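Here is how the chains run, residue by residue.
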Amino acid sequence: RAAARAEAAEAVRLAPTLARAYLVSGFAELAEYRSGAAQQAFEQAIALDSADPLARLGLGLARIAAGDLEAGRGDLETAVALDPNRALLRAYLGKAYFEERRSEMDAQQFAIAKSLDPLDPTAFLYDGIARQTGNRPIEAIAELEASAALNDNRAVYRSRLLLDKDMAARGTSIARAYNDAGFTDPAVNDAVRSLTVDPASASAHRFLADSYQGVRRREIARVSELTQALMLQDLNLNPVPPSTNEANLNIVTAGGPASAGFNEFTPIFQRNRTQLSASATAGSQDTLGAEAAVSGLYDRLAFSFAALRHDSDGWRPNNALRQEVYTAFLQAAVSDALNLQVEFRHRDSGEGDLAFNFDPDDFQTRKRVERQQDSARLGVRLSLSPATQLLLSYLHGDRDEALREQFELAPVAGITTFANRQRVSERSDQGEAQLLHASDGYNTVLGTAWTQVRRTDRADVSIDDSVLGNLLTDSGSERSKITHPRAYGYLNLRSSPGLLWTTGASYDRYEQADFRSSHVSPKFGVQWDIDGAWRLRAAALQAIKPALVANRSLEPTQVAGFNQLFDDLNGTRSQRYGAAVDWRPAQALRATLELNHRDIDEPLLDLAGSRWLTEDRSEQWYRLFADWAVTSRIALHTELMYDRYRSQRGIATEGGNLPEEVVTWSVPLRLGYFDPGGLFATLGATFVDQSVRRSPLATQASGSDRFTVVDLSGGYRLPERRGVLSVAVRNLFDSDFRYQDDSYREFRDEPSIGPYFPERSVMARFTTSF
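Residues numbered from 1 in each chain as written. Predicted model: local features only at pLDDT ≥ 70, side-chain atom pairs only at ≥ 80, totals over all residues. Heavy atoms only, no water.

Turning our eyes to something else, we now look at the confidence of the model for the protein. Summary statistics for the protein give a mean pLDDT of 89 and a share of 94% for residues scoring 70 or more. Note on residues 254-258: pLDDT under 50 across the span, and nine contacts to partners over four residues away in sequence or across chains. (pLDDT = per-residue confidence, 0-100. Contact = heavy atoms within 4.5 Å.)

Take a look at the structure:
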């Protein structure tokens, strides 16, 4: 960009009376966020040739970028008046009307643009985005897929590399429309394909992060994708909501169209201004919450400051949860090649006993966890060339957690009580470097990282008997350190238009006290578009769960759409094998069969706490699902899923209540309705059949249960994209059941709540931006 600006300036010097020289100079200035200089160049071009519509187009874009939307839209109208038959001018005028929230006028301009040039993908793209934000996601899918199909028509203007970047952006827009329609899996698949074609696509990373919201065992992958999106993004107004910036907040969201976030109001035109995005929630179980973000864009600087507060008493005694999160983000485009960003986060939380361990009555009445976390991140993006990006990231984290619990033991003489107080303090540092390079037909991702965690554990325990008094008092502290250097490399290769290969490897050397593990982990994946109706995906990979600061990493989280970064214990080694077949017999119908197997070697201390060892676990999950756009207003999703977890009998099953086997069948059915007037509703029912087997020595329950949960949500999108109001009812018929959530196989000190609760809950939410 800097070189282009210099060449344009030389053209102006050589031909100071040539309007086209000033025109090109204006666009070069605009590409470097220099809206003032661009505006001057376009005004000079107009003075020399007032009949050139491109000069008016450029002036309109420069004024809009500077924050004057009304004046910029007037210039675009003049450009259209000068050349009413040029489709591109009509498409940009439609974008301006969209920004002014004039839906009938933007739709008119997009329609004219498509009729003038039906082979140009631009108007289809913008029309699809407008329909998606106008509560017409099924219509948006058709428009956005038409844009993607026309993408390569721009080959006379753009290189193969830039066409791939265009396709990645279009794929992300399609994915967002699928997500709004309730078709989450096709959305994720399209976002993954976009990332395979262009791993440097910030929008694809951001969408994949948003898609993982509420998906079981994807919290680390989700915040890692969000961090990668932030590192790769250009300056923009899109705020960083606190509800998506932290892992395991355990805040129940409505899901589907009722879960509109701040991204819902992202503008098509980026322009200088400050905006406020906010949401408020209220519901049963004394649930209250609020979230707000102030974000701004001014030339070469972008910022956002955000806060979240959430309180809920939970669905049973001592199930309360409190969350406070504060974030600050600053990004500066120092030059066309250098982008800097700084991010700070603070989290203060408290919770009771959140885990649902099959028996609803099995919980601790006197357990409390208080947690404080602070983290700071410095990010650098260096654009070595249009095809090569270098990312540098440094993270520092401080984490303090206090556990207080008290429960009764078998009586000695009277009532015998065990009291436990634990405090954990962690100080962590993490440095990462990543090189992304793209070329015609292939791209590479190379990276290295180093993490060190210094931890101090303090414990105070006592046993007291109501008759005999104190029987035991003990206390102690221990210091430990985790060191984890690692490196990785990935190659995405397009051997033919419909065939994408992914291959790579990573090296990890994990050290924690006496536990040491060094492994080279191979990665392999393939995505094959056999024809217009069939697509095959497969992957085989090994991964080591890294020690991470703030649970985030720059390393790719998936291979060919198969996630490799699960919410496991640090140092866990796993091998995953997956295969999927996607079938699309018609534009409105998509179905997928997916098979997955995962072998896990989990590190843990023996019962004496003196020796590290590993125990074997395994997971299998098979899914068959279908998504059908029944009409332009009705969407149907159905699924059959089998999930089996097995653990070898050992320390964790005998002394830690880890189940030896959990088998879960689930059959969700969801029907969504979207009215162009703004109303939407979703009715869902999920049948669950689960069996849980634990060791005879375990204190938690085994057994089986089957039940059906019905959920209902609905809402209204305010006119002119002013906000979204929604109400969701989970477990509509207040069904009682037993269920084992995933807390036993995730963070043992920070459990993740499950998808089903044996109590009706009602939640209302309002989201807006202005």
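In this section: unusual backbone geometry. A positive phi is found at aspartate 286, a non-glycine position, where the angle reads about 55°. Looking at the secondary structure, you find aspartate 286 in the loop between strand 1 (273-283) and strand 2 (287-298). (Helix = DSSP H or I, 4+ residues; strand = E, 2+ residues; numbered from the N terminus.)

Any two side chains of opposite charge can pair, given that their charged atoms come close. Taken as a whole, this structure holds 62 salt bridges when the rule is applied. Close ionic contact of glutamate 145 with arginine 584 constitutes a salt bridge, the shortest N to O distance being 2.9 Å. Taken together, the positions of glutamate 145 in helix 9 (residues 137-149) and arginine 584 in strand 17 (residues 573-586) put the pair 439 residues apart, joining distant regions of the chain. As far as burial versus exposure is concerned, glutamate 145 and arginine 584 are alike and both buried. Between glutamate 619 and arginine 217 there is a salt bridge whose closest N-O contact spans 2.7 Å. (Salt bridge = Lys/Arg side-chain N within 4 Å of Asp/Glu carboxyl O. Buried < 20%, exposed > 50% of the residue type's maximum accessible area, 1.4 Å probe, protein only.)

A surface patch of nonpolar side chains, about 660 Å² in accessible area, is lined by Leu593, Leu595, Tyr622, Leu624, Leu640, Trp665, Val667 and Phe687. Of all the elements in the fold, those that place two or more residues in the nonpolar patch are strand 18 (589-605), strand 19 (612-629) and strand 21 (661-674). When you line up the elements, leucine 624 lands in strand 19. A residue is classified by how much of its surface remains accessible, and leucine 624, at 45% relative accessible area, is partly exposed. (Patch = residues over 30% accessible without salt bridge, like charges linked within 9 Å, V, L, I, M, F, W, Y side chains within 5 Å. Areas by Shrake-Rupley, 256 points an atom, 1.4 Å probe, with all protein chains shown as cover.)

Moving on: the pairing of strand 18. As paired strands, strand 17 and strand 18 are joined by 12 bridges and run antiparallel to one another. Across the sheet, residue arginine 573 finds its bridge partner in strand 18, namely aspartate 601. Where strand 17 folds back on strand 18, the antiparallel hairpin that results is connected by two residues. (Pairing = 2+ DSSP bridges.)

Right, let's talk about the packing of helix 7 (residues 103-116) against helix 8 (residues 121-133) for a bit. Packing of helix 7 against helix 8 leaves a shortest axis separation of 9 Å and a crossing angle of 150°. Compared by their axis directions, helix 7 and helix 8 come out roughly antiparallel. Regarding helix 7 and helix 8, the two cross each other, and that crossing is left-handed. Every residue of helix 8 that contacts helix 7 at Asp106, Phe110, Ala113 and Lys114 is listed here: Ala123, Phe124, Tyr126, Asp127, Ala130 and Arg131. Partitioning the contact of helix 7 with helix 8 into residue classes produces six nonpolar, no polar and four charged. (Axes fitted to C-alpha atoms, helices over the stretch in contact; angles between N-to-C directions. Parallel < 35°, antiparallel > 145°, perpendicular 65-115°, else oblique. Left-handed = near helix turned anticlockwise from the far one by under 90°. Nonpolar A, V, L, I, M, F, W, Y, C, P; charged D, E, K, R; others polar.)

On to the pairing of strand 13 (residues 515-529), then. Looking along a regular strand, one sees the side chains alternate between the two faces of the sheet. In the sheet, strand 12 (residues 499-512) pairs with strand 13 via 14 bridges, with the strands oriented antiparallel. Across the sheet, residue threonine 503 finds its bridge partner in strand 13, namely phenylalanine 524. Taken together, the seven bridges between strand 13 and strand 14 (residues 534-544) define a ladder with antiparallel strand orientation. When the bridges of strand 14 are listed, aspartate 529 appears paired with arginine 535.

Its place among the elements puts glutamine 620 in strand 19. Residue classification places glutamine 620 among the buried residues on the basis of a relative accessible area of 10%. Side-chain polar atoms of glutamine 620 contact the side chain of histidine 597, separated by 3.1 Å. The residues contacting glutamine 620, other than those within four sequence positions of it, are Asn596, His597, Tyr642, Asp643 and Arg644. (Polar contact = N/O pair within 3.5 Å; in protein donor to acceptor, adjacent residues only side chain to side chain.)

You can see alanine 107 is positioned in helix 7. Since its relative accessible area comes to 31%, alanine 107 is described here as partly exposed.

Among the secondary structure elements, serine 695 is positioned in the loop between strand 22 (679-693) and strand 23 (703-717). You can call serine 695 buried: its relative accessible area is 4%. Side chain to side chain, serine 695 and glutamate 654 meet in a polar contact 3.1 Å long. In this structure, serine 695 is in contact with Thr653, Glu654 and Glu660, ignoring residues within four places of it in sequence.

At their nearest, the axes of helix 2 (residues 19-31) and helix 3 (residues 35-48) sit 8 Å apart, and the two run at 165° to each other. Classified by the angle their axes make, helix 2 and helix 3 are roughly antiparallel. In terms of crossing hand, the pair formed by helix 2 and helix 3 is left-handed. Across the interface between the two elements, Ala19, Tyr22, Leu23, Ser25, Gly26, Phe27, Glu29 and Leu30 from helix 2 touch Ser35, Ala37, Ala38, Ala41, Phe42, Gln44, Ala45 and Leu48 from helix 3. Here the contact of helix 2 with helix 3 is built from residues that sort into 11 nonpolar, four polar and one charged.

All right, on to the packing of aromatic side chains then. Each pair of aromatic rings is reported with the distance of its centres and the angle of its planes. This model, assessed by the stated rule, comprises 21 aromatic pairs. Ring geometry for tyrosine 510 and phenylalanine 515: centres 6.0 Å apart, planes at 65°, overall edge-to-face. Since its relative accessible area comes to 1%, tyrosine 510 is described here as buried. Judged by its relative accessible area of 10%, phenylalanine 515 falls in the buried class. Consider the rings of tyrosine 642 and tryptophan 665, whose centres lie 4.8 Å apart with planes at 55°: the pair is tilted. You can see tyrosine 642 sitting in strand 20 (residues 634-647) and its partner tryptophan 665 sitting in strand 21, a full 23 residues away along the chain. A network of ring pairs unites the aromatic residues Trp315, Phe356, Phe707, Phe737, Tyr739, Tyr756 and Phe757 as a single cluster. Here the basic side chain of arginine 598 rests over the ring of phenylalanine 566, its NZ or CZ set 4.0 Å away from the ring centre. (Phe/Tyr/Trp six-rings, centres within 6.5 Å; stacked < 30°, edge-to-face > 60°. Lys NZ or Arg CZ within 6 Å of the ring centre and 35° of its normal.)

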